[in-house]
Amino acid sequence: MSYPRNADNLPKAKDVVALCKSHNVRRIRLHDPRHDVLQALKNTGIKVILGVGNDDIMRLATDARFAGTWVRRNVLWFTPYINFRCIAVGDENILANTALNQYVLPAMIGLN
């Protein structure tokens, strides 16, 4: 299941996670690291693909300090409670954004 968060009148994260659990959803992709959603996913057993928002790609690729903070804040703090499958860099529109294309691979390697 994909869980984008760029719309109005979305249900609360805890309600979405409860719905996922009631329908036996075992995997979810978050398009960016929203802490309310990550909190709701704690200890659920749902496997998570965590997306990097397009706004963060260039800084992740060029600023090691920012990358380290991003990983600590959005992954490591939640690792004991959430099973992260992987981190996805960029969304489905990344190919259309030629200004960001050059930063995708360096961002993925720097998240190493």
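Please read these numbers as outputs of a predicted model, since none were measured by experiment. (Residues numbered from 1 in each chain as written. Predicted model: local features only at pLDDT ≥ 70, side-chain atom pairs only at ≥ 80, totals over all residues. Heavy atoms only, no water.)

Considerations on the nonpolar core
Among the nonpolar cores identified, the biggest contains 31 residues, and L30, L41, V48, L60, W70 and F84 are the most heavily contacted of them. If you list the elements that add at least two residues to this core, you get α1 (13–22), β2 (27–30), α2 (35–41), β3 (47–52), α3 (54–62), α4 (64–76), β4 (83–89) and α5 (98–110). Here the element with the most residues in this core is α4; it accounts for five residues. Apart from the residues within four sequence positions on either side, W70 is in contact with P33, L50, G51, V52, D56, L60, V75, I87 and L111. (Core = buried A, V, L, I, M, F, W, Y, C linked by side-chain atoms within 4.5 Å. Buried < 20%, exposed > 50% of the residue type's maximum accessible area, 1.4 Å probe, protein only. Helix = DSSP H or I, 4+ residues; strand = E, 2+ residues; numbered from the N terminus. Contact = heavy atoms within 4.5 Å.)

Section: the packing of aromatic side chains
The geometry of an aromatic ring pair comes down to the distance between the two centres and the angle between the two planes. One pass over the full model with this rule turns up zero aromatic pairs. A cation over an aromatic ring shows up here: K42 above the ring of Y81, its NZ or CZ 4.4 Å from the ring centre. (Phe/Tyr/Trp six-rings, centres within 6.5 Å; stacked < 30°, edge-to-face > 60°. Lys NZ or Arg CZ within 6 Å of the ring centre and 35° of its normal.)

Let's talk about the environment of I87
With respect to the helices and strands, I87 occurs in strand β4. The class for I87 is partly exposed, based on a relative accessible area of 30%. Not counting the four nearest positions on each side in its chain, I87 is found in contact with L50, V52, W70, V75 and L111.

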